[in-house]
Structure formats: C-alpha cells, structure tokens
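Inside the fold
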Amino acid sequence: MIRRIVVMTQPHRLLNWLLPGIFLLAWLVVCETGLAPPYLLPHPKDVLATASSYLFGDAGQAAYAGRFFEDLTASATRVLLGFGLAVIAGIPLGVLSGRLALVNRLLSTTINALRAVPGISWLPLAMVWFGIGIKTTVFLVALAAFFPIYLNAEDGARQVSPTLLQAGAMMGVRRLRGTFAILLPAAMPSIITGLRLGMGISWAYLVLGELTGVPNGLGALIMDARMLGRIDIIVVGIILIALIGRLCDVGLHYALRLSFKSARRIP
Amino acid sequence: MKPRLQIISAEHRSAASPVVLDVEKVSKRFATNGSGNITVLQNISFTVRRGEFICIVGRSGCGKSTLLNILAGFMPPSAGAVRLNGRPAGHPGPDRCVVFQEDALFAWLTVKENIAFGLKGHAMTRREKEREVDRFLSLVGLTDFADYLPAEISGGMKQRVSLARVLILRPEILLMDEPFAALDAQTREEMQDLLLRLWSELSHTIVFVTHDVGEAALLADRVLLFDRAPGRIKEEIRIALPRPRQKEDDGYYALCRSITAKIKAL
C-alpha cells in the first residue's frame, strides 16, 4: 500500500489550490482596479471581515454576527437526513433493479419519468404537503439525491461480471452472502460515484429547500441577504457552502474507505 | 485437517480407478432471436475416472465452453444427465471448481484473501485456515505476493491465484476453460509445468478445454476431439506418451501433427 501513498507528493497537493488561487487573484484585480463596483462584487477584504463576524462574532454585535454554527447545524441536519433517506432507498432499489429484470421493469419507467421533473417543480407541492420548515427541505434533498444514487447503484450492479458470481457460486457462496461478499464490493466504484454525486446535489437542493422562509440555515442566509442587498453575505454563504460541500465529499470518501475494503482498494 | 496427499503416477492411474464424472447423452439447445433453436451440443457421452486428465479439443464455436458450463452447473443441459460420483450434479458447488479463461479474481481482495475466500464457513480454526492458505500460496509459488492486489500482479500470477483458490477446496473435479489461452508463450509453458506438477502431487481429476493441440498433447491422458457445430465427440484419442513429456520428442510431434490433421479434416 505504501507505493500508492508515495505518488501523492507535495507538488500534486499544491495543484489542488492552483485554481482557487487564480480565482482569488482575479477577484482582487477586478476589485482593486474598479472594474466591478462594490455593490456588484464586494472587495475580498470586506468579505473576509463579514465572514469573520459571521463565523466568530458575538450575536447582536452586527447583523448576522455569530449565526454560523446555528445555520450550519440546521443545514447539515437537513442534508444528512435527506441524503440518508436517499441512500436507504437508492442503494437497495438500484442494486435490485440492476440484477433483477422484474424489478427493473417495475421501476425504470416511473423513476426515469420522475427524474425528468426538475426539482424546483416539487417545491410548491412539497410546501403544500409538508409546510414550511425542515420536512420540505429534507423531502427535496432526499428526492434529488435519490436519482444519482439509484442510477449508479443500478449501473454498477448490472455491470458486475457474471463470471465473478459464477466463481462465488462454485466456491459455495449462496445468494445472500454472494450479494454482500461479491455483488456489492464489485459494484462499489459505481456506488461511490452515485453517493458523491448525491451528496453534491444534496447541498444544491438544500439551498432550494431553504428558500421557503425557514429562519435558519445557509440557504436561508443567502436568500435573506439578497432581500437586504447584502452582497458580501451572499458571497460568504456561497464560499461556505462550497467549502462544506467539499469537506462532506472528502469525509464521505474517507468514511467509505474506512468501512469497506472494496472502497479502499479500487483498482 | 490433514492434506489428502496421495501420489499417483501415470502408470498407477489404471482403468480400474472409479468413475468420478459421468456425462450421459447431454445436449444443449439455445433459443435464437425469433428463428427457433440452435443446437450447440448433441448427444455428448463420456466418463472421467479419478485422477484422469482429459482435454477437450475442438475449433472455436464447437460448444466446448458450453459443455464446461454445464458440467460446472452454471447452466442446465437441454437433455441428458451429468453425474458426479453417481449422483446427479445440480447447482454449482465446491465439488466442481472452475478455472476461468478471463480474470475472475476479486479485485478488492489480496492474493491471500482471494485464496482464502472459499474457506469461509468451513469448519476449521483460523490458524488451520491460515496454514492451508500458506501451503497453497507456496504450492503455486506466490508466497512473496500474498498481500498484493490482483491489479498489481501479472496475468500468469493471476491464473496461479485462480488455481490455488479452487485447489484449496479439494474439488472432486477441476474444470479448466482455456485457462492459459490469454498468456504469452513462455508464461503458458510455465503454467503447464506448474499444473502438471500440482496434478502429480495432488492427483486431481481434470477436464481441460483448449483449442491448442500442442497443449492437449502435452497434458492429457485422453483427448476428446469435438466436431464442428453442433458439438459432438468426433473421436477419443488415448495418449500413451510417457511422462514427463518433452516438446522436442518425436512421438510428441507426430501426435500433434496427427491431431491437427484430424481437426483440419472436420
């Protein structure tokens, strides 16, 4: 295993930050030269000040000061609940549909039709059904994250080589154990892709769900700031969601690698 | 668990050893798109005695691999019966193990874990299992590669793992589906030597499918020559060449030439 770690030497790690660095530089240039006025794009140092007040300030000191952890907790709870529901439904249904023609027949038309409906169209219905609050957001997140998770699990399960399952059968592996010992590990690369896509989409739909007048959460923060014309807060919100989204992706990958050999040893 | 090591040399594998595999009038038809049936195998009958090395030779598309799949239990015959030690051979199981042509190792398991895979659920202590795995690792010469992943070893090594993971289960019969066809010439020869060595040490019963006449002449006690589609046994050739056989030997050449001529005449 050591050989693989050696490949990730320092210059490669720095490469991760090259593009963000360039963006920051361009942002600085645009603001310093007056190419974009502050009401369209605030200066990085103002955004930094706002961010620090939002993250670490005392509540009541300024508008939005110190609200970050409350917003983060609210948003993270919604994302994790919605994503969790999508995983619980998406992986088993996807794997079944990938392996059993009958299940596939039963599900594929419906799911592919529903998939064509943009998530935002569900918003009014969700509000009627679940009212304003956590349920609507969780519903939207779960719905949106379900499709990539389901589709990738289905694809992964379908593409598992029959030879692998035959090899298992001849070594005395019955169906149930074969599912966990062979089918799922063999489909793992696709399943992971689905989970990562689903996690990304979860954050996107979180913002959508929080547009609907909930008092807290990162999406609510952005909508609130738009109404008050606080561009700097919007930018802070966007950057925070990007950072948290990336952290979730890394965390998800790490958790999977920690729990499954097949995630650790993708060829 | 004591290894059932039993050394039987070619001379002792007489016609008196018991029949392990009995294939009786096996046929296989597949439904084609709209236009009815296509017969792939027709009335195949033969028996294999304990410790025998049988090669099935024929042109590609003659149903050799289909027959092997039926023997393994991966698909049922359309007619006829396959019996293992007198009992109908049903679902696939560790009594009839297959070494596949393509890479069928579990990519997420190390060499060692792949070899140990079939032992899960066996009534053995962890230490006994480890000892068995180590023994088979060394039998196929992979002791130093125990912790490598399949993606990190060569094609020849992968087939060694494929061999070890089924030999460790002590199958009644070992089914091999062109296992060395994808290897380069030199590796193939090494693998043939290895297989013959393991066979003489562990005295397995082997049914080996190949399209390589030279390979069949080198390995087999008996060659079943398959006719073109639909597959039928055209001829059964008993090979009396003494072992170990040499590829430089005149008798070996003559045999290869005569089998090749027979295949061309099909």
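These figures come from a predicted structure and were not determined experimentally.

Rules and cut-offs
Residue positions within a chain follow its written sequence, with the count starting from 1. Note on labels: chains are lettered from A, ligands numbered from 1, in written order. It should be noted that, the model being predicted, local features are given only for residues of pLDDT at least 70 and side-chain atom pairs only at 80 or more, the latter also being counted only at that level, while totals for whole chains, interfaces and linings use all residues. The pairing criterion is simple: DSSP has to find at least two bridges between the two strands. The helix count covers DSSP runs of H or I at least four residues long, the strand count covers runs of E at least two residues long, and both are numbered beginning at the N terminus. Domain extents, as shown, originate in an automatic or database domain assignment. Placing a C-beta atom from the backbone of each residue, one calls two residues in contact when those atoms lie within 7 Å. Charged residues are taken to be Asp, Glu, Lys and Arg, nonpolar residues to be Ala, Val, Leu, Ile, Met, Phe, Trp, Tyr, Cys and Pro, and polar residues to be all remaining types, Gly included. Partly exposed residues are those whose C-beta has more than 12 but fewer than 20 other C-beta atoms within 10 Å; with 20 or more the residue is buried, with 12 or fewer it is exposed, and the C-beta atoms are placed from the backbone. To estimate the expected span of a helix, subtract one from its residue number and multiply by 1.5 Å. What the bend at a residue measures is the angle between two axes, fitted to the seven residues ending there and to the seven starting there. Orient the strands so they point away from the viewer; a crossover is then right-handed if the path from the first strand over the helix to the second runs clockwise. Buried Ala, Val, Leu, Ile, Met, Phe, Trp, Tyr and Cys residues form a nonpolar core when they are connected through C-beta atoms within 7 Å. As a rule, the C-alpha atoms of each element are fitted with a line to give its axis, helices using only the stretch in contact, and angles between N-to-C directions run from 0 to 180 degrees.

Moving on to the sheet that holds strand β1 (residues 19-31) of chain B. Residue and element names in this part refer to chain B. On the basis of which strands lie adjacent, the open sheet formed by four strands has the order β2-β1-β4-β5 and antiparallel pairing. A strand with exactly one partner marks an edge of an open sheet, and here the two such strands are β2 (37-49) and β5 (87-88). Strand direction decides the pairing type here: strand β4 (residues 79-84) and β5, joined by two bridges, are antiparallel. Counterpart to R83 in the pairing with β5 is P88.

Residue and element names in this part refer to chain B. You can read the domains of chain B as domain 1 (46-76 + 90-95 + 171-266) and domain 2 (104-170). When each unit is reduced to the centre of its C-alpha atoms, the spacing between domain 1 and domain 2 is 24 Å. Domain 1 puts 13 residues into the contact, and the matching count from domain 2 is 10 residues. Considering each element in turn, the side of domain 1 that touches domain 2 owes the most residues, six residues, to helix α5 (residues 185-202). Of the residues contributing to the side of domain 1 that touches domain 2, the split by class is 11 nonpolar, one polar and one charged.

Residue and element names in this part refer to chain B. Cis rather than trans, the peptide bond between R243 and P244 has omega equal to -5 degrees. Within the fold, P244 resides in the loop between β10 (233-238) and α7 (250-264). Of note, N43 is a non-glycine position whose phi angle comes to about 55 degrees, a positive value. As for its placement among the helices and strands, N43 is situated in strand β2. What makes N43 partly exposed here is the crowd of 15 C-beta atoms within 10 Å.

Right, let's get into the interface of chain A and chain B. Chain A puts 14 residues into the contact, and the matching count from chain B is 19 residues. Elements represented by at least two residues in the side of chain A that touches chain B include exactly α9 (162-170), α10 (175-210) and α13 (261-264) of chain A. Ranked by residues supplied to the side of chain A that touches chain B, first place goes to α9 of chain A with six residues. Split by residue class, the side of chain A that touches chain B holds eight nonpolar, four polar and two charged.

Attention now goes to helix α8 (residues 134-158) of chain A. All names here are of chain A. Between its first and last C-alpha, α8 extends 36 Å over 25 residues, near the 36 Å set by a 1.5 Å rise per residue. The largest bend in α8 is about 30 degrees, located at F146, with the proline P148 one to four residues further on. Counting buried positions along α8 gives 21 out of 25 residues, so the element sits mostly inside the fold.

For the rest of this paragraph, the subject is the pairing of strand β8 (residues 206-210) of chain B. Working note: regular strand, side chains alternate between the two faces of the sheet. All names here are of chain B. Counted residue by residue, β8 has five buried out of five residues, so it is predominantly covered. Both faces of β8 are covered, namely the face carrying I206, F208 and T210 and the face carrying V207 and V209. Both strand β3 (residues 53-57) and β8 contribute to a ladder of five bridges, which runs parallel. When the bridges of β8 are listed, F53 appears paired with I206. Note: strand β7 (residues 173-177) against β8, four bridges, orientation parallel. Residue D177 lies in a different strand from β8, and its bridge partner there is V209. Note on the crossover from β7 through α5 to β8: the handedness is right-handed.

Another aspect to go through is the nonpolar core. Grouped together as the largest cluster of nonpolar side chains are 125 residues, with contacts concentrated most on V141 of chain A together with I54 and L175 of chain B. In this structure, V141 of chain A is in contact with R78, V79, G82, F83, S202, Y205, L206 and G209 of chain A, ignoring residues within four places of it in sequence.

Attention now moves to the sheet that holds β10 of chain B. Residue and element names in this part refer to chain B. Overall, mixed pairing links the six strands, which are arranged β6-β7-β8-β3-β9-β10 in an open sheet. Pairing within the sheet leaves two strands with one partner each, and these edge strands are β6 (96-99) and β10. The average undirected angle you get between the axes of adjacent strands in this sheet is 20 degrees. Along the sheet face, helix α1 (residues 64-72) touches β3, β6, β7, β8 and β9 (222-226) and points at about 150 degrees away from the line of β7.

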